[in-house]
Structure formats: structure tokens, C-alpha cells
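# A look at the structure
Spelled out from the first residue to the last, the chains are:
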Amino acid sequence: MSEKPSAIIFGGLNTCSRALAALLVPLNGERLVSHLRIVDRFSVSPPTTYLGAEFPKILAQPDVEYRQANLTVPSAVASAFDPPPGKAPYSYVFDLTGEVNHDRSEVIVIKLTFTVARIIALEAVRRKVKAYVRLQQPVYETPDKGTHDEKEDVKPTRPLDMWWHETLRMLASIEDLPLVVLRIGFVYGPYVEFGLYALVITVASIYGYMNKPMKTPWGPGKDGVNTVHIDDVSGGLWACAKWIGSLGRQQANITAGEKFYFHNDKSKVKDIEGACSPDMQPVAPIFNLVDDSEMTMAKGGSMITEFFGTTFEFYSFFENAVAKFKLDDIVEDINEHHVGTWTEMLQTSNPPIVQTPLNAYMDQWALARRKLAYNNSKIKNVIGYKLNRPQFTHDELREVVDKWKAEGSWPALDGC
């Protein structure tokens, strides 16, 4: 029996690292790695970000270590790669870093997304790791019709998105890096409090509580808003690490490599250390990961609102025109109802909820139209990955809400 690899996770404590850790070193069941270190900027004791009810138990295990570090400092990253005494060097690196708060300045996004990933990647090359798996959040917009595979040049849109994409181009240009990219849909699942679907679930419960339909201006709702369960994000990351660890970068490029095209402003990248030339088209293996739900706005909205006893509707043409024209005005009007009602729900819960990571405020980003429809055939056919949660249904939604209720983050109310 071959020795199990040791693994290090950088970043993602506020996104997907907690679930990945639970897969690699479960409280019950076979361990996939011999030792796990998680490194991020947050404190876990006391916590400065949401951890969920189960993650502290994962951290309490003897073969798991959490290290708080400033990942913008190269010496801190280098130190993080040093294994504990008597332990083997880290062979699998999971890069879950990157700024996900869309309201951050471009300077901050470059520093916390592009620069951090480059520092980690260059150190990983020096350490001769076997696998470097980069998690790419849903920062793209796909064309209107059908699903879209990895060969298609899907476009990032906002400044934050541009730098997530530019980070991939930079990583792909590091030839000795055993890189594989996992490009995911919108994540949901137990203890996933960030992103689009956590917000939609929270707001849908509010409309259920008010016994009113939840409405959107983006009819008829056929745009893809593809989902992926957090268990499959973790499973996909592990499958990618094993795959490239056995192949190496050169063969992985031959088998699954795709070109990464330039989409940024040329004037913005010319002074960024490590940025690729706009003329470069670096190649790296990349896999889409979404479930088989083929979730659209109409399908997802109807399924989630039905769970909370209400309906999902679209504004009429006239209402739609007014809403789009006065988006700034209606954002505040909508949130006056959302936030006030959510506060009421928390206070009238039995017992009352005094602290929750869930937020009912929908800004312009949350209300914006989305189009994300990926084809997931490649990861199934090339790596042989089998989805753990192929469909997003009421059963999955019930598990999410029940776990939030159990930890005291979700109001205990009839119908919610």
C-alpha cells in the first residue's frame, strides 16, 4: 500500500476550504492524507470568519493544523510549506485563495487574488510538489444558448472577475507548476454562507414568511445559473489532485490543456509583476464542475421558493422597464423589506437568533442578471469523476436549512 500524500490548503476558509478539509481528514471514515495544514489570513480562535458547527471538530484532530498567516508575504508562504518535524513534505497543494467580495477595490483584488496565488505557486515549484489545484470561482458569463465546455472562451465581466481570470493565465504560464484548474458553478450546501445561492435561499425564506411572491426583472428566466454542491467541490478538488499527481503537467496539458486568452485592459497588466503578455495564450488543464441540474433562474427560483411555500415570478414588461430604469432606487426599497423582515424572523425565532452569518441584503451585484451554463462532461470522461450530488432538490435544500437551524444560525419558525 502506497503512503498517503500530505496536503496543504491555502485560503478559502470563508468559501470552500472547510468542506475540503472534512473530506481529506473526516471525523469518521478513511483519511485521504497523512497530514493536513490549512493556511489563511483569518483567526480560528477566536474566529474572525464563519466556521460552521463541524469545522472546529476537524481542526481539533491531531493530524490537522491551522496556521494564520499573511499570504501576501513570501516568507510567510515559504514557512507554511515547511512540514512539521518528522512529517513528509507537502505533495498536494490546494489553492483556494482569492478575493470574493465584489465591492473591494481593484488594487485589493490584485493583491489578494493575483499576487497571493503567484507567491504560493512559485514556492510550490521550488518545493517540487506533485499537484497544484486551483479553484476558480464562477466569475464568467457564458453565451445565451446551451452549455459551454472548457474550449470555449467564456468572458469575465467585472474588474474582480478579470483578475481571477488573469490569475489563471499567470499560473498557466509557470511551466514547472503541476497545475490543474477546477472551474465551478455557483456553490451551495451545508455551512456555505457565501455567494449567490446562500443569499437567494435566505431571501426566499423571507418571501415565504411574508406570504408574497419573490420577483425578479430578468424574465423569462432561461439563463443558466448552474449549481454545484459543496461536497462535489471537495470531491472534484481531490480527484484533480490525484489525476495530475499521477500524470505530471506535460502529459496533463496534452490530455486536458486549454488556452487562456487575454480579456483585461492592456494598460492595467503592463506594470503587474508576473502578469502574462496580452499576446500570450498559456495552456493548462482545466475542468468545469457543475451538477446535472442544468439550473436556470426560473428553475432554481421556483424550486427554492416552493420549498418555503411561495412562488417565483417575473415583473411585467412595464414593471420590468421601471425596475431597470430605477435600479438604484429599488435596491434600497427592496432591502428595507428584506432586512427588516429577516430581523423580525430572527427575533421571533424560538429560541431567538442572536448571531447569524446569513445576510438578507441584496445589492446591485446580487440583483444583476447572470448567465453561467457549463458542460460537465470533460471531468467525468477524462478523470472519471462521479457526482456525489447530481441534482439540487428540496432534499438538498432541507439539509442546508436543517444544519443552519441546528447550529442556531437559522430562525426556527413554522414553514421556514
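All values reported here derive from a predicted model rather than from experimental measurement.

### Topic: helix α10 (residues 297-307)
Owing to its 3.6 residues per turn, the α-helix aligns residues three or four sequence positions apart on the same side. Restricting attention to buried positions, one finds in α10 the residues M297, A298, G300, G301, M303, I304 and T305. Each element contacted by the buried residues of α10 is listed here: α6 (195-210), β10 (214-216), β14 (312-314) and α15 (394-407). Looking one or two residues past α10, G309 carries a phi angle of roughly 80 degrees, positive in sign.

### Regarding the side chain of H35
Secondary-structure assignment places H35 in the loop between α1 (17-24) and β2 (36-40). Among the polar contacts made by the side chain of H35, one reaches the side chain of Y90 at a distance of 3.3 Å. Dropping the residues within four chain positions of it, H35 is found in contact with P5, S6, A7, D63, E65, P84, K87 and Y90.

### Structural notes on the UniProt feature "transmembrane region" (unreviewed entry) in the protein
UniProt's feature table lists "transmembrane region" (unreviewed entry) at residues 194-210, given in the numbering used throughout. Counted over residues 194-210, helix gives 94% and strand 0%. Its end C-alpha atoms are 24 Å apart.

### A closer look at the state of the cysteines
With the rule as written, the count across this model stands at zero disulfides. Note on C16: no disulfide assigned, nearest cysteine sulfur contributed by C240 at a separation of 13 Å.

### Quick look at the domain arrangement of the protein
Taken as a whole, the protein is organised into domain 1 (6-190 + 230-290 + 374-390) and domain 2 (196-224 + 295-371 + 400-407). A C-alpha centroid distance of 30 Å is found between domain 1 and domain 2. At the junction of the two partners, domain 1 supplies 15 residues and domain 2 supplies 11 residues. The junction of domain 1 with domain 2 conceals about 1300 Å² of combined surface from both sides, 58% of it contributed by carbon and sulfur atoms. Where domain 1 meets domain 2, there are two salt bridges. The salt bridge involving E54 is made with K403; its shortest N-O contact spans 3.4 Å.

### Observations concerning the pattern of salt bridges
Applying the stated rule across the entire model yields 26 salt bridges. Note that R389 and D231 form a salt bridge whose closest N and O atoms lie 3.4 Å from each other. Remark: D231 occurs in helix α7 (residues 230-247) and R389 occurs in the loop between α14 (377-383) and α15; sequence separation between them is 158 residues. Note on R389: relative accessible area 18%, which makes it buried. Here D231 falls in the partly exposed class, since its relative accessible area comes to 33%.

Thresholds, definitions, all that
- Along each chain, residues carry numbers from 1 onward, in the same order as the chain's sequence is written.
- Given that the model is predicted, a residue must reach a pLDDT of at least 70 before its local features are reported, and side-chain atom pairs must reach 80 or more before they are shown or counted; all residues, however, enter totals for whole chains, interfaces and linings.
- Computation of side-chain values covers all heavy atoms of the structure but excludes hydrogens and water.
- Buried, partly exposed and exposed residues are distinguished by accessible area as a fraction of the type maximum, computed with a 1.4 Å probe on protein chains only: under 20%, between the cut-offs, and over 50%, respectively.
- Per the convention used, a helix needs a DSSP run of H or I reaching at least four residues, while a strand needs a run of E reaching at least two, with both numbered from the N terminus.
- For this analysis, residues touch if any pair of their heavy atoms sits within 4.5 Å.
- A 3.5 Å cut-off defines polar contacts: any pair of N or O atoms within that distance qualifies, except that in protein one atom must be a possible hydrogen donor and the other a possible acceptor, and neighbouring residues in sequence count only when both atoms are side-chain atoms.
- UniProt positions are given in the numbering used here, feature names are shortened, and annotations may be inferred rather than shown by experiment.
- We call a pair of cysteine sulfur atoms a disulfide whenever their separation is within 2.5 Å.
- Domain start and end points were adopted from an automatic or database domain assignment.
- Take the accessible area each of two parts loses on contact, using a 1.4 Å probe, and add the two losses: that sum is the buried area.
- When a carboxyl oxygen of Asp or Glu is within 4 Å of a side-chain nitrogen of Lys or Arg, the pair counts as a salt bridge.

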